[in-house]
Amino acid sequence: MHATLPLLQSSDFPAIRREATATLQVNLGYRCNQSCVHCHVNAGPGRTEMMDSDTMALIPQVLAARGIGTLDLTGGAPELHPGFRDLVRAARARGVKVIDRCNLTILFEPGQEGLAEFLADNEVEVVASLPCYSADNVDRQRGKGVFDKSIAALQRLNALGYGREGSGRVLNLVYNPQGAVLPPPQPALEADYKRELGAHFGIVFNSLYALANMPIQRFGSMLISKGQFNGYLRLLKEQHRAANLAQVMCRSLISVDWLGRLYDCDFNQQLDLPMGGGAEVGPHHLRDLLRTDVDGAPIRVAAHCYGCTAGNGSSCGGALGD
């Protein structure tokens, strides 16, 4: 796989600083039951990295110590971690909102029986990747048969109340473009998704998040192979909107990798750009957050950051500028 960091480090992206931390986003490991073309984590069935129990035990403590209201669990497929359900229970017992970044097909994996019911019983917000409402497009990006399984998973979640008004069970979908282009306007695309999924499959959901593909890891390597990397970076920079800087996710989110190390965002995590820029002072590990906060600290930036500010903007919660 081609290295992308050397092509991103030299950048004139504006300097920004952190605000109050609202979300702790934790990557529980890189093992996944899928290998998606756009994956910025390079996750897959062959990955073995998993957070150990001692590090995982720090998470509820940090949530309490820093007064963080949202725990955002990601991977790989976070549900494949054997401690996933205990962690969800511990966070919910403290009144913390839990988000599960779910690929949907995980609901049908051996050992995941009852996962949908568990998520519903604990009122976990499900953020589910579905890069298109067309079977051909989804299977091309995520693998043969993924679309049909994803539809079946959404129907199962709907049957448990997910996506239905007044249920308290939130179901949001995620769209990624097929190639080196920016996502279309989020509201119009969301309307298309709701119309097509409702008409053909009876599926309902709350919101659609339109996310730009980041020029890192598997997707960035593919761009290099196709000779599209520089052109995509140029597109991101040309479409930069300064107004999006106020809302980028890194201002209020701390990203934690499977070893417990801290980053300003999930993308920096995958580029191994730690929080604090490698300085000797300041928090570098989850345990450091028990006694130190990061409010007001500078955020580490590079050229890939334009992926979050280009066009309508892109974050873990979808577009910024709509």
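See above for the structure.
Predicted model, so just to flag it, every value in this text is computed and none were measured.

Trainee: What am I meant to see in the sheet that holds strand β3 (residues 97–102) here?
Mentor: Here 8 strands make up an open sheet; going across it, the order is β6-β5-β4-β3-β2-β1-β7-β8 and the pairing mixed. At either end of the open sheet lies a strand with only one pairing partner, and these are β6 (207–210) and β8 (262–263). Relative to β6, strand β5 (residues 171–175) is paired through 4 bridges, and the arrangement is parallel. By the bridge assignment for β6, V174 is matched with Y209. Sheet strands touched by helix α6 (residues 186–201): β5 and β6. Its angle to β6, the strand with the most contacts, is close to 130°.

Trainee: Just checking my understanding: could you explain the nonpolar core for this structure?
Mentor: Where a protein is soluble and globular, its nonpolar side chains tend to be buried together. Counting residues in hydrophobic clusters, the biggest one holds 58 residues, and the most contacted among them are L24, I59, L71, L173 and Y193. In this structure L173 touches A128, L130, L154, Y193, L197, F205, S207, L208 and Y209, once residues within four positions along its chain are discounted. By size, the runner-up hydrophobic cluster in this structure holds 29 residues, among which are A212, L223, L271 and L273.

Trainee: Help me out: how do you make sense of the environment of P183 in this one?
Mentor: Along the chain, P183 turns up in the loop between β5 and α6. By relative accessible area, which is 18% here, P183 ends up buried. Ignoring sequence-local partners within four residues, the contact set of P183 consists of Y175, P177, A210, L211 and A212.

Trainee: Can you walk me through empty space enclosed by the protein in this structure?
Mentor: Over the atoms, a rolled probe matching the size of one water molecule traces out where space is still vacant. If you walk through the whole model with that rule in mind, you get 2 cavities of 30 Å³ or more. If you trace the second largest cavity, you find 14 residues lining it, with V248, C250, C265, C305 and C308 closest to the centre. Residues belonging to the lining of the second largest cavity are distributed by class as follows: 10 nonpolar, 2 polar and 2 charged.

Trainee: Just to check I follow, could you spell out the layout of surface pockets for this structure?
Mentor: Computed from the structure, the largest pocket encloses a volume of approximately 290 Å³. Those elements giving two or more residues to the lining of the largest pocket turn out to be β2 (70–74), β3 and β4 (125–129). No other element matches the 3 residues that β3 contributes to the lining of the largest pocket. The residue makeup of the lining of the largest pocket, split by class, is 10 nonpolar, 6 polar and 6 charged.

Trainee: I would appreciate a short explanation of the pairing of strand β7 (residues 253–256) in the present structure.
Mentor: Of the two faces of β7, the one holding L253 and S255 and the one holding I254 and V256 are both buried throughout. Sheet topology places strand β1 (residues 23–27) next to β7; 4 bridges connect them, and they run parallel. Its bridge partner being in β7, Q25 is matched across the sheet by S255. The sheet contact formed by β7 and β8 spans 2 bridges and is antiparallel. If you follow V256 over to β8, its bridge partner there is L262. The loop that links β7 with its antiparallel partner β8 comprises 5 residues; one of these, G260, has a positive phi angle of about 90°.

Trainee: So what exactly am I meant to see when it comes to the packing of helix α1 (residues 53–66) against helix α2 (residues 84–93) here?
Mentor: In a pair of packed helices, the angle between the axes and the distance between the axes together describe the arrangement. Contact geometry of α1 with α2 gives a least axis separation of 10 Å together with a crossing angle of 15°. The orientation of α1 with respect to α2, classified from their angle, is roughly parallel. Taken as a pair, α1 and α2 cross one another with a handedness that is right-handed. Residues M56, I59, P60 and L63 of α1 form the contact with α2, whose participating residues are L87, A90 and A91. Each residue belonging to the contact of α1 with α2 can be placed in one class, and the counts come to 7 nonpolar, no polar and no charged.

Trainee: What's the story with the environment of D295 in this structure? I'm lost.
Mentor: Along the chain, D295 turns up in the loop between α9 (266–270) and α10 (306–309). With 44 residues separating them in the primary sequence, D295 and R251 have C-alpha atoms 8.8 Å apart. Apart from the residues within four sequence positions on either side, D295 is in contact with R18, E19, A20 and T21.

Trainee: Explanation requested: the pattern of salt bridges in the structure shown.
Mentor: Between side chains of opposite charge, a pair can form when the charged atoms approach closely. In the structure shown here, the tally under the stated rule is 12 salt bridges. Here R18 and D264 are joined by a salt bridge, their closest N and O atoms 3.1 Å apart. Placement of R18 in the segment before β1 and of D264 in the loop between β8 and α9 is noted, with a sequence separation of 246 residues between them. Judged by relative accessible area, which is 4%, R18 ranks as buried. Ionic pairing is found between K194 and E190, a salt bridge with its closest N-O pair at 3.6 Å. Taken as a pair, K194 and E190 lie in helix α6 at a separation of 4 residues, close to a single helical turn. Assessed through its relative accessible area of 34%, K194 is described here as partly exposed.

What counts, and at which threshold
Residues numbered from 1 in each chain as written. Predicted model: local features only at pLDDT ≥ 70, side-chain atom pairs only at ≥ 80, totals over all residues. Heavy atoms only, no water. Pairing = 2+ DSSP bridges. Helix = DSSP H or I, 4+ residues; strand = E, 2+ residues; numbered from the N terminus. Contact = heavy atoms within 4.5 Å. Axes fitted to C-alpha atoms, helices over the stretch in contact; angles between N-to-C directions. Core = buried A, V, L, I, M, F, W, Y, C linked by side-chain atoms within 4.5 Å. Buried < 20%, exposed > 50% of the residue type's maximum accessible area, 1.4 Å probe, protein only. 1 Å grid on protein atoms, 1.4 Å probe; cavity = no way out; pocket = protein on both sides within 12 Å on 5 of 7 lines; lining within 4 Å. Points joined across faces, edges and corners; volume = space filled by probe spheres on them. Nonpolar A, V, L, I, M, F, W, Y, C, P; charged D, E, K, R; others polar. Parallel < 35°, antiparallel > 145°, perpendicular 65-115°, else oblique. Left-handed = near helix turned anticlockwise from the far one by under 90°. Salt bridge = Lys/Arg side-chain N within 4 Å of Asp/Glu carboxyl O.

Purely geometric numbers; function is a separate question.
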